[in-house]
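# Coordinate inspection notes
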Amino acid sequence: MTIEATPLPTTRPTPFDPPEDYRTLREDQPVSRLAMPDGTAGWLVTSYELVRAVMSGPQFSSRPEKMSNPLRVVTPEERAEFTVRPGMFISMDPPDHGRYRKLLTGQFTVRRMRALEPRIHQMVVEHLDAMEAAGDSADLVEAFALPIPSLVICELLGVPYEERDEFQTRSSKMLDLSLPFEQVRAAAEGIDEYLKGLVARKRENPGDDMLSGLFESDPTLTDDEIAAMGFLLLIAGHETTANMLGLGTFLLLQNPDQLDKLRANPDLTNGAVEELLRYLSVVQFGTVRVVLEDVEIGGQQFRAGETVVCSLAAANRDPARFDSPEILDITRTHSTHIAFGHGIHQCLGQQLSRVEMQIAFRGLFDRFPNLRLAVDPSEVKLRTTSVVYGAATLPVAW
Ligand code: HEM
């Protein structure tokens, strides 16, 4: 069957639901032809089963050099700059990917994660205290959702306390899509330089942090490789968790029945976090692959070199996998969502981000029993075109 190519759907019917076209595509043709802005034809995969098949298939690569961008044309100059930096393993395939991933997984030890928990509690309390002391309203994204995940990463990497403000300023600049590209790039380069310098200092004076742990576990790793792994933790772990906190709060405020249930029984928090992950699937454009060798998926013949976009949001609303997927239900059990991806690149920070979200949501709703939106919901600015979807700001009052 030949199917017509359509551009990637991006228009959302509500702030919390994926584009409507995903639903119709998943029903009619879960593997559909995607018209790429550069004129090539790619694929869009929308069912739970087939998204998992692509994400775990050895015929699919995460290397960006040959991928088409589903949202805009990549210029030849930009493409010429595409080199996967040693250590940036989210953009690598086996065997290189596995080597780096294993080294970093070895650093997410139970002991280190346990030690982080009380620190996360403390950060959450300090930020809630500061919000309360400053008045009775705030932008939740700026005051709470963005700083907590960034500080957790500072803690992991062993960024000294006195350097954290500067680190955070740079990190939020790097993630601010409203800034001109040159400023974002400068902020990213600044963080990179900073991380390289930090690794060099750690070599002189090792600590109990991940960067030190990395060169101690593999003495052949260069400073640049370790800095790249630190940088990856920041880009993968900051915005994702921050957008879950911001958008997740917005969603709960718009669903008072669910929020009331959670407030009445904070033991529901862990399940609520899973449901928010499933329902919001904030990584909206991140899971793109390129076909390495011809393969058939869902009855369609994929050819080497074609770009494949896997929609986690569509997969996480698939009625073949979830009962009444369009309903937000924080008491849903046995959720097998794939908001953290699937296959060899499945999120390495998922346990950490779960703990962060659990502590942060508990703290927030406990501290402000009257938390409410301070603007009309239609005025909440959304990050519709960024890789990670979310609320750019969330004005709240209490
Ligand atoms: C990979 C989602 C938080 C570190 C991924 C992927 C997804 C994801 C979908 C797979 C990307 C792909 O297949 O191409 C999320 C979400 C988060 C979150 C929704 C928060 C709610 C974090 C945190 C960290 C982290 C806190 C670390 C501190 C990573 C790393 C990878 C990754 C290192 C690459 C793994 C690999 O390539 O093997 N994440 N993530 N993430 N994530 Fe997360």
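These numbers come from a predicted model, not from an experiment.

### Quick word on the sheet that holds strand β10 (residues 395–397)
Read from one edge to the other, the open sheet built from three strands follows the order β4-β10-β9, with strand pairing classed as antiparallel. The open sheet is flanked by β4 (137–139) and β9 (372–373), the only strands paired with a single partner. Both β4 and β10 contribute to a ladder of three bridges, which runs antiparallel. Residue pairing in the sheet places D139 in a bridge with P395 of β10.

### Focus: unusual backbone geometry
Excluding glycine, a negative phi dihedral is what most residues carry, and trans is how most peptide bonds are arranged. Residue P95 is reached from P94 by a cis peptide bond, and omega for that bond is 0°. With respect to the helices and strands, P95 occurs in the loop between α3 (76–80) and α4 (96–105). A positive phi angle, close to 40°, is found at S324, a residue other than glycine. Within the element layout of this structure, S324 appears in the loop between α14 (312–315) and α15 (350–367).

### With respect to the coordination of the iron atom of the ligand
There is one protein donor for the iron atom of the ligand, and it is C347 (SG), at 2.3 Å. Here C347 lies in the loop between α14 and α15.

### Topic: the site of the ligand
Among the 27 residues in the neighbourhood of the ligand, the closest are listed as H97, R101, R289, H345 and C347. Between the ligand and R101 there is a distance of 2.7 Å, counted from an oxygen atom to a side-chain nitrogen or oxygen. Interatomic distance of 3.4 Å between a backbone N/O atom of A236 and a nitrogen atom of the ligand. Of all the secondary structure elements, the ones that give two or more residues to the shell around the ligand are α4, α11 (223–254) and α15.

### Here's the deal with empty space enclosed by the protein
Per the stated rule, a full pass over the model turns up two cavities of 30 Å³ or more. Taken as a whole, the largest cavity spans an internal volume of roughly 70 Å³. Taken together, P9, T10, R12, P18, P19, Y22, Q284, F285, S311 and A313 make up the lining of the largest cavity. In this structure, the second largest cavity occupies an estimated 30 Å³ of space. Taken together, M113, L116, E117, I120, L352 and V355 make up the full set of residues lining the second largest cavity. Taken together, the elements giving at least two residues each to the lining of the second largest cavity come down to α5 (110–134) and α15. If you tally residues by element for the lining of the second largest cavity, the top one is α5, at four residues. For the lining of the second largest cavity, the class distribution of residues is five nonpolar, no polar and one charged.

### Remarks on the packing of aromatic side chains
Inspection of every chain in the model, using the stated rule, returns seven aromatic pairs. Pairing F361 with F365 gives two aromatic rings, centres 6.0 Å apart and planes at 5°, and the pair type is stacked. Placement of the pair is F361 and F365 together in helix α15, with a separation of four residues, close to one helical turn. Each ring, one from F368 and one from W398, has its centre 4.3 Å from the other, and the planes form 25°; the classification is stacked. Of the two residues, F368 is situated in the loop between α15 and β9 and W398 in the segment after β10; the sequence distance between them amounts to 30 residues. Taken as a pair, F368 and W398 share a single burial class, namely buried. Aromatic rings pair up to connect W43, F60 and F302 into one cluster. Taking NZ or CZ as reference, R12 lies 3.5 Å from the ring centre of Y389, over its face.

### Side note on the packing of helix α10 (residues 210–217) against α11
The contact between α10 and α11 brings their axes to 10 Å, and the two run at 140°. The angle between α10 and α11 places the two elements in the oblique class. In the crossing of α10 with α11, the sense of the turn from one axis to the other is right-handed. On α11, the residues that touch M210, L211, L214 and F215 of α10 are I226, M229, G230 and L233.

### What about the environment of T40?
Considering the arrangement of structural elements, one finds T40 in the loop between β1 (31–35) and β2 (41–45). Taking the relative accessible area as the measure of exposure, T40 reaches 38% and is therefore partly exposed. Note: C-alpha distance between T40 and R99 (59 residues apart in sequence) is 33 Å. When residues no more than four places from it in sequence are discounted, the contact partners of T40 are L34, A35 and S68. At 3.3 Å, the side chain of T40 and the side chain of S68 are in polar contact.

### Thoughts on the pairing of strand β8 (residues 307–310)
On any regular strand, side chains alternate: one points to one face of the sheet, the next to the other face. Of the two faces of β8, both are covered, the one formed by T307 and V309 as well as the one formed by V308 and C310. In this sheet, β8 lies alongside β2 in parallel orientation, the contact comprising three bridges. Its bridge partner lying in β8, W43 is registered against V308. Taken together, the three bridges between strand β5 (residues 288–291) and β8 define a ladder with antiparallel strand orientation. Its bridge partner lying in β8, V288 is registered against V309.

Definitions and limits used
- What you see as residue numbers is a count from 1 along each chain, following the sequence as written.
- Predicted model: local features are reported for residues with pLDDT of at least 70 only, side-chain atom pairs are reported and counted for 80 or more only, and whole-chain, interface and lining totals are derived from all residues.
- Hydrogens and water are ignored here; the side-chain numbers use all heavy atoms of the structure.
- One requirement defines pairing of two strands: DSSP has to find at least two bridges between them.
- In DSSP terms, a helix is any run of H or I states spanning at least four residues, a strand is any run of E spanning at least two, and both are numbered starting from the N terminus.
- Donor selection uses N, O and S atoms within 2.8 Å of the metal (3.2 Å for Na, K and Ca). Since no water is included, sites may look incomplete.
- One heavy atom suffices: a residue is near a molecule or strand as soon as one of its heavy atoms comes within 4 Å of it.
- Each polar contact in these results corresponds to two N or O atoms within 3.5 Å; when the atoms are within protein, one needs to be able to donate a hydrogen and the other to accept it, and residues that are neighboring in sequence are counted only if both atoms are side-chain atoms.
- Think of a 1 Å grid over the protein atoms and nothing else: a 1.4 Å probe that fits but is trapped marks a cavity, an open set flanked by protein within 12 Å on at least five of seven lines marks a pocket, and residues with an atom within 4 Å of a point count as lining.
- Grid points are joined across faces, edges and corners, and a volume is the space filled by probe spheres set on the points.
- All residues other than Ala, Val, Leu, Ile, Met, Phe, Trp, Tyr, Cys, Pro, Asp, Glu, Lys and Arg, Gly among them, are scored as polar; the first ten of these are nonpolar and the last four charged.
- Stacked, edge-to-face and tilted are the three classes for Phe, Tyr and Trp ring pairs, Trp counted by its six-membered ring, which pair at centre distances within 6.5 Å; planes under 30 degrees apart are stacked, over 60 edge-to-face, the rest tilted.
- Any residue under 20% of the maximum accessible area for its type is buried, any over 50% is exposed, and the rest in between are partly exposed; the area is computed with a 1.4 Å probe on protein chains only.
- A ring has a charge above it when a Lys NZ or an Arg CZ is no more than 6 Å from the ring centre and no more than 35 degrees off the ring normal.
- Convention adopted: a line fitted to C-alpha atoms gives each axis, helices being fitted over their contacting stretch, and angles between N-to-C directions are expressed from 0 to 180 degrees.
- Under this scheme an angle from 65 to 115 degrees is roughly perpendicular, one under 35 degrees roughly parallel, and one over 145 degrees roughly antiparallel; angles in between are oblique.
- We call a crossing left-handed when the near helix sits turned anticlockwise from the far one by less than a right angle, and right-handed when that turn is clockwise.
- Throughout, a residue-residue contact means that at least one pair of heavy atoms, one from each residue, lies within 4.5 Å.

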